[in-house]
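# Working through the structure, step by step
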Amino acid sequence: MASLIHCPHCGIRPKEEFSIRGDASLVRPDPAASDEAWNDYVHIRSNPRGRYHEHWQHGAGCRRWLVVERDTFTHEVFSVTDAASVARKAGR
Amino acid sequence: MTRTYISHHPLDGLLPLEPGIRAVDHLDVPRAVAIASVMAMEGEEASVTAGLAASGDISVRFAGPGEWLALSRSETPDSLERALSLLLAETAYVFEQSDGRVVFRLSGPNVRRILAKGIATDLHPGSFEIGTSSNVLCGHIGVNLARTGENEFELIAMRSFAVALFDDLRVMGREFDLSAGFSTLG
Ligand SMILES: [Zn+2]
């Protein structure tokens, strides 16, 4: 686990200040999508070895949701971005 | 001056009413500080930042993007909320928090070594400059930490965590004979 996270709002912080929600690359299906699409979205997760985008919430700091891009094997952190700006960039 | 604070401070009974002998490292607990939280409306972050900067003797603590705590020792809780609501009308939401938070002021030559026992954030004078403030984790308790002087920091905690945080700060400061007492300024 990466032990230091560079929060774009608060600076370098210990991982204890954050809670992790999981995969940030999933996109919520249309409400009318098939049961299968919803099942995949809600329940099915990969467990990748390597680069991974994850939602982290800085609960003990700015309380913002962040997208942390990190390597699950080397623990290297590549980028930390506010989740709202990630969503805006993706047109969501 | 009308006081609308809850008359019981959470540390009543744990701190002596009369000031005791003050060590070089001291934990000062002001009894009456007016505190309000300020949240900028969407898109108004810059104008609220500018408004707060021009708010005179109100001290402003960063909590998150578009979110601050505003403190005053001269205003009452009501007058602080009124002043901020007027100043930031139509740009921010202002909520009175005076009874919900407790302020701890820690000062002395060993202040960083004491804080390092609970806070993992870099508090080196060069990276956490005077006037800097942020929400941090102290042990298991979230606090708003501000550097208010060369060797002086203020911690603002939720009222219900005040006793636990006080216990933690005492243990953190024991090595340096940290003294503690209510502020003589009120
Ligand atoms: Zn943060």
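The structure under discussion appears in the preceding block.
As the structure is a computational prediction, the values presented were derived from the model and not from experiment.

A few words on the interface of chain A and chain B. Contacts between the two partners involve eleven residues from chain A, matched on the other side by eleven residues from chain B. Note on chain A versus chain B: buried area summed over both sides is about 890 Å², and carbon and sulfur give 51% of it. If you sort the residues of chain A by the area they bury against chain B, Arg13(A), Ala60(A) and Arg63(A) come out on top, with a joint share of 41%. Counting the contacts that link chain A with chain B gives one salt bridge. Across the salt bridge formed by Glu67(B) and Arg63(A), the nearest N and O atoms sit 3.0 Å from each other. Across the side of chain A that touches chain B, the residue classes tally to four nonpolar, two polar and five charged.

Residues and elements named next belong to chain A. Applying the stated criterion to the full structure yields three aromatic pairs over all chains. Ring centres of Phe18 and Trp56 lie 5.7 Å apart, and the angle between their planes is 70°; on these two criteria the pair is classed as edge-to-face. One end of the pair, Phe18, is in the loop between strand S2 (11–14) and strand S3 (19–23); the other, Trp56, is in strand S4 (residues 51–57), with 38 residues separating them in the sequence. The class for Phe18 is buried, based on a relative accessible area of 10%. On the basis of relative accessibility, which here comes to 1%, the residue Trp56 falls in the buried class. Residues Trp38 and Tyr41 carry aromatic rings whose centres are separated by 5.7 Å and whose planes lie at 85° to one another, so their mutual orientation is edge-to-face. Within this pair, Trp38 and its partner Tyr41 are both found in helix H1 (residues 35–43), separated by three residues, close to a single helical turn. Just above the ring of Trp65 sits the side chain of Arg21; from NZ or CZ to the centre is 5.8 Å. For the cation-ring pair, Arg51 lies above Phe78, with the distance from its terminal atom to the ring centre recorded as 3.6 Å.

Thresholds applied
Residues numbered from 1 in each chain as written. Chains lettered and ligands numbered in written order. Predicted model: local features only at pLDDT ≥ 70, side-chain atom pairs only at ≥ 80, totals over all residues. Heavy atoms only, no water. Contact = heavy atoms within 4.5 Å. Buried area = accessible area lost by both parts, 1.4 Å probe. Salt bridge = Lys/Arg side-chain N within 4 Å of Asp/Glu carboxyl O. Nonpolar A, V, L, I, M, F, W, Y, C, P; charged D, E, K, R; others polar. Phe/Tyr/Trp six-rings, centres within 6.5 Å; stacked < 30°, edge-to-face > 60°. Helix = DSSP H or I, 4+ residues; strand = E, 2+ residues; numbered from the N terminus. Buried < 20%, exposed > 50% of the residue type's maximum accessible area, 1.4 Å probe, protein only. Lys NZ or Arg CZ within 6 Å of the ring centre and 35° of its normal.

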